[in-house]
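Report on the structure
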Amino acid sequence: MNEILQAVLDGADGAELGEVELPETYRAAFVSRDDVDMFKGVESSKKDPRRSLHVGQAPLPELAPDEAFVAVMASSINFNTVWSSIFEPLPTFGFLDRLGKESYWGARHALDRHVVGSDASGVVLRTGSMVRNWRPGDKVTVHCNYVDDQDPSAHDDSMLASNQRIWGFETNFGGLADIAVVKANQLMEKPRHLSWEEAAVNALCNSTAYRMLASRNGAPVTQGDRVLVWGASGGLGSFAVQYVLNGGGIPVAVVSSESKVRLLKAMGVEAVIDRASAGYKFWKDQHNQDEAEWRRFGKDVRALVGDDPDIVFEHPGRQTMGASVFACKRAGTVVTCAATSGYMIEYDNRHLWMKLKTIKGSHFANYREAWDANELVCEGKIVPPLSAVYELSDVGEAAYQVHRNLHEGKIGVLCLAPREGMGIEDQEMRERIGVDRITLFRRSGA
Ligand code: NAP
């Protein structure tokens, strides 16, 4: 790996990089099939990724004709790595085994070590014989939509493909490693004004928020729309807020501390609710919700922005969905992509049908959406919410921070990059966009 790193740091050209010898094994973060029962009987919030996420050597697989090896300079923690590491809602080995049955190339994935991670920035090392648009030396970021382009169902909106998968979660050889194996149609250009770790934290959450709030496949924001964003300083929320502001909407941001309120205000959000100090208790007990609390919440939103939200950006799930459906405006849309606090959802259907509201499901993004979202990062219209950076050797601690909601925005992970701040190619553009904007979360220290 040293030779690869040196070649990248020396700015070796594509021909030189293509000649560098590839190792038989590479350093990677993985979960083990042997560990899937290690948290049996432990409450979800107490399951500790530091125990289940290992860093060690993994064998480098054979490269398929439509794939590329990427030297990963940096990656990021997504919540799906938390799910993999606590083996919830299911151990990911079932996904790998299913993929393993599909084809010769799929069989490589069905291993007892699952190399995780669904984001990466880095440099292309090798390309398979079918790859046309990318070559060794290209600086890239990687999105996580993994589709079989020979499947007809993948050819309208690829998120509707019958065997669509999330790379590094439902496939092996993910981004929290020194080398990643990706399909060529996961590659996108690296924003030249960002460091490796700033470039690595965007693709998954940015593309997801783009589909939910900017694409016609979600609930696109139009000028003047009021948009309620749960977890507005988190991974998804910190991108969602930027899309609402960019699209001429009015964000109502919900967070859970004073320091997060300050961060949102610094992003230009005027209406911010601190749910911790407001002390909403939407559930009276495990089985019953409290409509009076939904009402109090709705009233607080209206007091801030003058009306009910046209769109609710949902992902906490069970704890908030009742309040989201209630607070959403007549004929408005609750767009949801997750259920962090529980996926068995309960809401009062009268509020949905009588007021003609819609609940819209959304999941990651197709290549077009991911590409367009990445272009906005390349142009500086969307900035990375990078708040903390860990070494790959500390990946368990980084995932623990996300699992326990101790972080803000996104956590970056240095893989081959020896230190923070490397990989910036266009300093002039960085300054034009605003170093303060780009580093807001990193400097918040909250
Ligand atoms: P994150 O960085 O942990 O942010 C989530 C935020 O949600 C937290 O910062 C927290 O903010 C808020 N939150 C957590 N529990 C809550 C609760 N009970 N009530 C209200 N707010 C709560 O995670 P993320 O990256 O944004 O991901 C969020 C969820 O979306 C995860 O479940 C993830 O797996 C999923 N996801 C799905 C997709 C997809 O394509 N389907 C893509 C990305 C993520 P405050 O404490 O400040 O309120």
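The structure reproduced in this document is the subject of the present report.

As for the environment of Phe173
You can see Phe173 is positioned in the loop between β8 (165-166) and β9 (179-183). Residue Phe173 is classed as buried on the basis of its relative accessible area, which comes to 2%. Among all residues touching Phe173, those that are not within four sequence positions of it are Tyr26, Pro61, Arg108, His109, Leu111, Val115, Trp167, Ala180 and Val181.

Some points on the site of the ligand
Taken together, 25 residues lie around the ligand, and Ser256, Arg275, Thr340, Phe364 and His407 are the ones closest in. Separating an oxygen atom of the ligand from a side-chain N or O atom of Ser256 is a distance of 2.6 Å. At the level of secondary structure, the elements contributing two or more residues to the shell around the ligand comprise α4 (79-86), α7 (203-213) and α8 (235-246). Considering every element that reaches the shell around the ligand, the biggest residue donor is α7, with 3 residues. Partitioned by chemical class, the residues of the shell around the ligand number 10 nonpolar, 13 polar and 2 charged.

Comments concerning the sheet that holds strand β15 (residues 333-336)
Reading across the sheet, the 6 strands line up as β13-β12-β11-β14-β15-β16 and stay open at both edges, with parallel pairing between neighbours. Sheet topology places β13 (271-274) and β16 (358-361) at the edges, where each strand pairs with a single neighbour. When the angles between neighbouring strand axes are averaged without regard to direction, this sheet yields 20°. With 4 bridges joining them, strand β12 (residues 250-255) and β13 adopt parallel strand pairing. Along β13, the bridge assignment pairs Val254 with Ile273. Seen against the sheet, helix α11 (residues 291-305) touches β11 (226-229), β12 and β13 and runs at an angle of roughly 150° to β13.

A word on the pattern of salt bridges
Counted under the stated rule, the structure contains 27 salt bridges. Residue Lys183 is joined to Asp66 by a salt bridge in which the shortest nitrogen-to-oxygen separation is 3.3 Å. You can see Lys183 sitting in strand β9 and its partner Asp66 sitting in the loop between β2 (54-59) and β3 (67-76), a full 117 residues away along the chain. Classification of Asp66 by relative accessible area gives partly exposed; the value is 23%. When the shortest N-O distance is used, the salt bridge between Glu67 and Arg108 registers 2.7 Å. In this pair, Glu67 is assigned in strand β3 and Arg108 in the loop between α5 (93-100) and β4 (113-115), connecting sequence segments 41 residues apart. The burial state of Glu67 is the same as that of Arg108; both residues are buried. In the salt-bridge network here, residues are joined through shared partners; they are Lys139, Lys190, Arg192 and Glu425.

Parameters and conventions
- Residues numbered from 1 in each chain as written.
- Predicted model: local features only at pLDDT ≥ 70, side-chain atom pairs only at ≥ 80, totals over all residues.
- Heavy atoms only, no water.
- Helix = DSSP H or I, 4+ residues; strand = E, 2+ residues; numbered from the N terminus.
- Buried < 20%, exposed > 50% of the residue type's maximum accessible area, 1.4 Å probe, protein only.
- Contact = heavy atoms within 4.5 Å.
- Near = heavy atom within 4 Å.
- Polar contact = N/O pair within 3.5 Å; in protein donor to acceptor, adjacent residues only side chain to side chain.
- Nonpolar A, V, L, I, M, F, W, Y, C, P; charged D, E, K, R; others polar.
- Pairing = 2+ DSSP bridges.
- Axes fitted to C-alpha atoms, helices over the stretch in contact; angles between N-to-C directions.
- Salt bridge = Lys/Arg side-chain N within 4 Å of Asp/Glu carboxyl O.

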